[in-house]
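The chain contents come next:
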Amino acid sequence: MVSLSLPLVHPRFAPASSRAPMGDPGDPGTLPPLPAHLPAWPGRHVTAGGVTLHVRETPRGGSEGEPATVGADAVYVHGLSGSATNWTDIAGLLAPRVAGTAVDLPGFGYTEPVPSCDYSPAGHADALLCWLAGRGRPVHLLGNSLGGVVAMLVAARRPELVRTLTLVSPAMPDRRPDPRRMSDPRMALAWIPGLGSRARAQLAAMTPRARAEATMRLCFGDPTRATELRLEETAEEIRARGRQPWAGRAIDRSAFGMFRSWMGPGLWRAAARVPVPTLVLWGDRDRLVAPRLAVRTARTFPDGRLVMLDGVGHIAQIETPDRVAASVGAFWDSLGDGNMSGDGRVAARDR
């Protein structure tokens, strides 16, 4: 997971002359209520385009089985150390409009690594776009953090696979050497010769529950919003990763791959090539990727708009799913029925 009344673009992020196009935060009061303890959606493995991903699927329609009002389905992509369960609540809130599929990227959740073991953002995008192309239908693609960058790369390379793009605190280049971006300061010591082994041993001794609580403190703008159910789910996923022989390498290499992608202009150039309507949502208490990047990010997309979320951190879709779902719904509505309906097929190809 290491890895939101809302002002749309807060004035401290940009002068009036350079503000990004403003999105509509929507009205969370128009959404159907969610159960207080919504469990994770059912999971299964799905093979398409030569790639097998573990997914969690949210059925189309609401509790009474109402027909969806949007033609394309939604696909949700998690961030670093996350999984498909990161989207449980927002997928439920958007279910009256779309069927949802939250994926586990290769090496995360219950998806095994792909043969290439390429954990760079481009490598994850390769796997996801092959899988989407194999399914043969464009989708509303939503991603958070690393998953936001992966989704963006898919939209830049294969825009016919993507009806709309929604990015929640995407991991755009942010090279600040800030220790507050770590869930535990000992993580920095783990790489220092002579101190690393002791720091790693101390971190390994933390209980899964303690690690889950540390993650929420880092990733939430207001950690009191973390529910008991979500904390326990996160702890259980930490336990499950400890039983998977590939999980540690997947997280480490994905992190290094993401940091390498920050060294040049590649991600900004990719954003400038995305032709589909794009919504960027950013919490103004995001400690992992600086909120000051929000305006530049939204303005780089040819058809981008921005919603800033006050008092929210890095994983807004978990912290305040109602606000995120309302913003996404307003975004889709702003495009009109002509942009949102239909079953447009796409050619299945690997690249």
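Rules used in this analysis
Residues numbered from 1 in each chain as written. Predicted model: local features only at pLDDT ≥ 70, side-chain atom pairs only at ≥ 80, totals over all residues. Heavy atoms only, no water. 1 Å grid on protein atoms, 1.4 Å probe; cavity = no way out; pocket = protein on both sides within 12 Å on 5 of 7 lines; lining within 4 Å. Points joined across faces, edges and corners; volume = space filled by probe spheres on them. Helix = DSSP H or I, 4+ residues; strand = E, 2+ residues; numbered from the N terminus. Nonpolar A, V, L, I, M, F, W, Y, C, P; charged D, E, K, R; others polar. Phe/Tyr/Trp six-rings, centres within 6.5 Å; stacked < 30°, edge-to-face > 60°. Lys NZ or Arg CZ within 6 Å of the ring centre and 35° of its normal. Axes fitted to C-alpha atoms, helices over the stretch in contact; angles between N-to-C directions. Parallel < 35°, antiparallel > 145°, perpendicular 65-115°, else oblique. Left-handed = near helix turned anticlockwise from the far one by under 90°. Contact = heavy atoms within 4.5 Å. Core = buried A, V, L, I, M, F, W, Y, C linked by side-chain atoms within 4.5 Å. Buried < 20%, exposed > 50% of the residue type's maximum accessible area, 1.4 Å probe, protein only.

### Points about empty space enclosed by the protein
Any empty space left between the atoms is revealed when a probe the size of a water molecule rolls over them. Space inside the largest cavity adds up to approximately 110 Å³. As for the largest cavity, its lining consists of 13 residues, and the residues nearest its centre are Thr85, Asn86, Arg230, Glu233 and Ile318. Among the elements that take part in the lining of the largest cavity, helix α7 (residues 228-242) stands out by supplying four residues, more than any other. When its volume is computed, the second largest cavity comes out at roughly 40 Å³. If you trace the second largest cavity, you find it lined by Trp41, Arg56, Thr58, Tyr76, Ala84, Trp87, Thr88, Ala91, Gly100, Thr101 and Ala102. Secondary-structure elements contributing two or more residues to the lining of the second largest cavity are β2 (51-58), α1 (88-94) and β4 (100-103). Sort the elements by how many residues they give to the lining of the second largest cavity and β4 lands first, with three residues. Taken together, the residues of the lining of the second largest cavity break down into six nonpolar, four polar and one charged.

### Focus on the packing of aromatic side chains
Overall, the coordinates contain two aromatic pairs when judged by the stated rule. Across from the ring centre of Trp268, 3.7 Å away, lies the NZ or CZ of Arg296, which sits over that ring.

### Some points on the packing of helix α2 (residues 121-135) against helix α3 (residues 146-157)
The geometry of α2 relative to α3 is characterised by a closest axis approach of 9 Å and an angle of 60 degrees between their N-to-C directions. Taken as axis vectors, α2 and α3 run oblique relative to one another. Between α2 and α3 lies a crossing whose hand is right-handed. Residues Pro121, Ala122, His124, Ala125, Asp126, Leu128, Leu129 and Leu132 of α2 form the contact with α3, whose participating residues are Leu146, Val149, Val150, Leu153, Val154 and Arg157.

### A few points about the nonpolar core
If you look at soluble globular proteins, the nonpolar side chains tend to sit buried side by side. One finds Leu128, Trp131, Leu132, Leu141, Met152, Val154 and Leu165 to be the most contacted residues of the largest nonpolar core, which totals 71 residues. For this core, the leading source of residues is α3, giving nine residues. Setting aside residues up to four positions removed in sequence, Met152 forms contacts with Leu165, Leu167, Met172, Leu267, Ala270, Ala271, Val274 and Phe301. Grouped together as the second largest cluster of nonpolar side chains are 28 residues, Val168, Val324, Ala326 and Val328 included.

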